[in-house]
Amino acid sequence: MHVSVKSAKGLVRRMRVKVPAEKIEKEITTRLKDVGRKAKIQGFRPGKVPAKIVQQRYGAQVRQEVIQDLLQSSYTDAVVQEDLKPAGSPSIEPENIKEGEGLTYTAVFEVFPEIVLKDLNKIKVNKPIVKIAEDDIDNMVQKLREQNAAYNKVDRKSAKGDRVTVNFEGKLKGESFDGGSAKDFQMVLGEGNMLEDFEKPIYGMNSGDTKSFKLKFPKDYHSNELAGKKVDFEVEITEVAEQTLPDIDEELIKKFGIATGLIDDLRSDVEKNLNRELAAKLKSAIRKQVLDGLMNKNSIDVPEVLVSQESESMQKEMMQRMGITDDAEAPKIETFREASEKRVRLGLLLNAAIQENAFQIDQSQINAKLDEICEPYDNPDEIRKIYQQNQQLINQIESVLLEEQVIEWMISQARLSDKAMTYNELMDLPS
């Protein structure tokens, strides 16, 4: 078998393979003999069918099977011979499949990039130094009050924090569309649950007021029908209700799971929760800086085939979260390209770090991670059993542990410096 490889654009390789005719004919002859021993043809005893008859009856089919099998096996052998690492399935361009002339084809595919990590000791990481303050506890207690707020009807113009009840109808090019209208729809102004350009015109409206306005949907809106389109809306306000916050009394405190009903115990519980959130966010903030630094210091080509696969995966995840079953309503695949390319690039770099350092996970680490995952549940033993009986979940845990090892190793290589900040400043950092 003769193999030659040419580099095309980026990571694309064009591998030309020639399989000699002798190999093909030898395999065909071997298979026809096997067929002849098993064939049941009227007028002949099993195993006594003349070779010429077997050739006439089964020759074309056997040749086609041999060609197909040799395409697959010769491709695999050629990849191993040339020490190539394909990132996806090849596109096969046959040049010659004529009888008696052998098999010649070109396989076009992308390969994984060769990665040698560098400059990890030049990655700069600001380690946030944060302490929960009394104001942070006050703000969280206030949020708990807001979550239990009552709303009372008022006769005045709507403002931030009010709950408004609206009837609305939207039309695209004069036609109604799915999800474009509602009756008695309630929304709290300023919470951001609706598009900002939909909320804005409703500020300052009173019960009984109507208004017409145009809204341009974002280009990356999840509905292809509406993305980047201008829609005409008619809105009627049927009620404006003012928020009334409850007192922090024994009844409310017990509602938050504090059996004593004491404000000091509530604040202590809030502080514990804030510290848990702080620890998780701190870990996330450092992780992001390390991974961003890894990518900034190590520019690599990314196989397009992997980016496409990741984009499709992200699209399906989004459809599931949004309850979209019609492919025509799926978010545009281009929406996910930037994120998917970043994911693939990061995955390749992390895998290179794992291979370079021969990181491994042992059972004790898996058990410890399982303890961490199951501990918050009321029935940790049952949750543990679910994980232990599902190899896919165990594999996910191993991946997480490997990534944690890589992150810790990169942190040890990076340039760390402390940076004081408030709880809110930390929580506002991008994930």
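Heads up: the structure comes first, above all this text.
Since the structure is predicted, the reported quantities are computational estimates derived from the model, not experimental observations.

1. Notes on the overall build of the protein
Logical step 1: Along the backbone of the protein there are twelve helices and eleven strands.
Logical step 2: A compact globule built from 431 residues would reach a C-alpha radius of gyration of about 22 Å, whereas the protein, at 32 Å, exceeds it by more than 25%.
Logical step 3: For the protein, the spread of C-alpha atoms along the principal axes amounts to about 100 × 60 × 45 Å.
Logical step 4: Across the protein, every contact between residues at least 6 apart in sequence was considered, and the portion connecting residues at least 24 apart equals 68%.
Logical step 5: Surface exposure of the protein reaches about 26900 Å², of which carbon and sulfur atoms provide 46%.

2. A word on the sheet that holds strand β4 (residues 103-110)
Logical step 1: Spatial ordering of the open sheet is given by β1-β2-β4-β3, a layout of four strands whose pairing is antiparallel. Strand pairing shows two members of the sheet lacking a second neighbour, β1 (2-7) and β3 (91-96), which therefore form its edges. Along the sheet, successive strands turn relative to each other by an average axial angle of 20°, direction set aside.
Logical step 2: Helix α2 (residues 51-81) contacts β1, β2 (12-19), β3 and β4 of the sheet and is inclined by roughly 55° relative to β4.

3. As for the environment of Cys 374
Logical step 1: Here Cys 374 shows up in helix α9 (residues 363-374).
Logical step 2: For Cys 374, a relative accessible area of 2% translates into the label buried.
Logical step 3: Considering only alpha carbons, one finds Cys 374 and Lys 385, eleven residues apart in sequence, at a separation of 9.9 Å.
Logical step 4: Not counting residues within four places of it along the chain, the set of residues in contact with Cys 374 comprises Pro 380, Ile 383 and Arg 384.

4. Side note on the packing of aromatic side chains
Logical step 1: Tallied over the entire structure, the rule returns nine aromatic pairs.
Logical step 2: When the ring of Tyr 75 is compared with that of Phe 109, the centres are 5.7 Å apart and the planes differ by 85°; the resulting orientation is edge-to-face. With Tyr 75 in helix α2 and Phe 109 in strand β4, the pair connects residues that are 34 residues apart, well separated along the chain.
Logical step 3: Among the residues examined, Tyr 75 registers a relative accessible area of 12% and is labelled buried.

5. Observations concerning the environment of Lys 419
Logical step 1: Position of Lys 419 among the secondary structure elements: in strand β11 (residues 415-420).
Logical step 2: With a relative accessible area of 42%, Lys 419 lands in the partly exposed category.
Logical step 3: Residues in contact with Lys 419, not counting those within four places in the same chain, are Asn 126, Lys 127, Pro 128 and Ile 129.

What counts and how
Residues numbered from 1 in each chain as written. Predicted model: local features only at pLDDT ≥ 70, side-chain atom pairs only at ≥ 80, totals over all residues. Heavy atoms only, no water. Helix = DSSP H or I, 4+ residues; strand = E, 2+ residues; numbered from the N terminus. Rg over C-alpha atoms; globule rule 2.2 N^0.38 Å. Contact = heavy atoms within 4.5 Å. Areas by Shrake-Rupley, 256 points an atom, 1.4 Å probe, with all protein chains shown as cover. Pairing = 2+ DSSP bridges. Axes fitted to C-alpha atoms, helices over the stretch in contact; angles between N-to-C directions. Buried < 20%, exposed > 50% of the residue type's maximum accessible area, 1.4 Å probe, protein only. Phe/Tyr/Trp six-rings, centres within 6.5 Å; stacked < 30°, edge-to-face > 60°.

All quantities given are derived from atomic positions and should not be read as evidence of function.
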